[in-house]
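Structural features, examined
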Amino acid sequence: MKIIKQTQMFLLIICSVLAGIDDFTCDPKWDKTKSLWQNAGKLAEKKPWVRYWFYTKSEDYRPIIFNPKYPWWCTGFAITDDYKTGDAIIVAYLPNGENPFKYWPDAYSIDSEECEKIEFTSRFPKPDYFVESEEI
């Protein structure tokens with residue numbers, strides 16, 4: 001029982017630090033704990049974009065739904081065991097919460113990173129079709 005109380009107290013202190021609460025009192029009531037967790041969660045706001053890296057199995061690696069607000073690039077192709085060209089490697093920006101399978105249903109080995117904005121570079125230039133929009 002003592003370990004449980006110590007764990008509860010530790011969680012309350014951690015939550016209060018994350019939430020920036022200066023007037024923390026040692027009150028292990030559920031409402032206080034719930035409030036602290038909710039405030040701490042506000043610090044972990046989602047970023048508006050997700051940059052995805054993945055492979056596609058189809059010969060036509062273009063998205064099945066085209067949206068000019070969401071840029072994507074084919075960065076190359078995997079090499080098969082017999083040294084032939086394999087699956088396409090795709091990099092794409094989608095709004096946070098948008099499912100990449102909606103656009104590439106055959107995607108696999110997906111990696112992602114949340115980001116604040118779309119970054120264009122010499123390797124990933126702004127596509128001609130891209131329509132910049134304030135709305136995501």
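These figures come from a predicted structure and were not determined experimentally.

Digging into the sheet that holds strand β2 (residues 72-79)
The strand order across the open sheet formed by four strands is β2-β3-β1-β4, and the pairing between neighbours is antiparallel. Edge positions in the sheet fall to β2 and β4 (107-115), since each has one partner strand and no second. In this sheet, adjacent strand axes meet at a mean angle of 20 degrees when their direction is disregarded.

Some words on the pattern of salt bridges
Taken as a whole and judged by the stated rule, the model has four salt bridges. In this structure, the salt-bridge partner of glutamate 132 is lysine 126, at a minimum N-O distance of 3.4 Å. Overall, the relative accessible area of 59% leaves glutamate 132 in the exposed class. Owing to a relative accessible area of 44%, lysine 126 belongs among the partly exposed residues under this scheme.

Section: the confidence of the model for the chain
Considering every residue of the chain, the mean pLDDT works out to 78; 65% of them sit at 70 or more. Taken element by element, the predicted model of the chain shows its lowest mean pLDDT in helix α2 (residues 30-42) (50) and its highest in strand β1 (residues 49-56) (97). The low-confidence segment residues 21-25, where pLDDT is below 50, has eight contacts with residues more than four positions distant or belonging to other chains.

Re the packing of aromatic side chains
Geometry of an aromatic ring pair is reported as the spacing of the ring centres plus the angle between the planes. In this structure the tally under the stated criterion is 13 aromatic pairs. Aromatic side chains phenylalanine 66 and tyrosine 129 sit 5.1 Å apart centroid to centroid with 70 degrees between the ring planes, which places their arrangement in the edge-to-face category. On the criterion of sequence distance, the pair formed by phenylalanine 66 in the loop between β1 and β2 and tyrosine 129 in the segment after β4 is long-range, its members being 63 residues apart. Classification of tyrosine 129 by relative accessible area gives partly exposed; the value is 26%. Aromatic pair tyrosine 103 and tryptophan 104: ring centres 6.3 Å apart, planes at 50 degrees, arrangement tilted. The burial state of tyrosine 103 is the same as that of tryptophan 104; both residues are buried. A network of ring pairs unites the aromatic residues Trp49, Phe54, Tyr61, Tyr70, Trp72, Phe77, Tyr103 and Trp104 as a single cluster. Directly above the aromatic system of phenylalanine 124 lies the positively charged group of arginine 51, at a separation of 4.7 Å from the ring centroid. The lysine or arginine in question, lysine 57, covers the ring of tyrosine 108, its NZ or CZ lying 5.0 Å from the ring centre.

Scoring rules and cut-offs
Residues numbered from 1 in each chain as written. Predicted model: local features only at pLDDT ≥ 70, side-chain atom pairs only at ≥ 80, totals over all residues. Heavy atoms only, no water. Pairing = 2+ DSSP bridges. Helix = DSSP H or I, 4+ residues; strand = E, 2+ residues; numbered from the N terminus. Axes fitted to C-alpha atoms, helices over the stretch in contact; angles between N-to-C directions. Salt bridge = Lys/Arg side-chain N within 4 Å of Asp/Glu carboxyl O. Buried < 20%, exposed > 50% of the residue type's maximum accessible area, 1.4 Å probe, protein only. pLDDT = per-residue confidence, 0-100. Contact = heavy atoms within 4.5 Å. Phe/Tyr/Trp six-rings, centres within 6.5 Å; stacked < 30°, edge-to-face > 60°. Lys NZ or Arg CZ within 6 Å of the ring centre and 35° of its normal.

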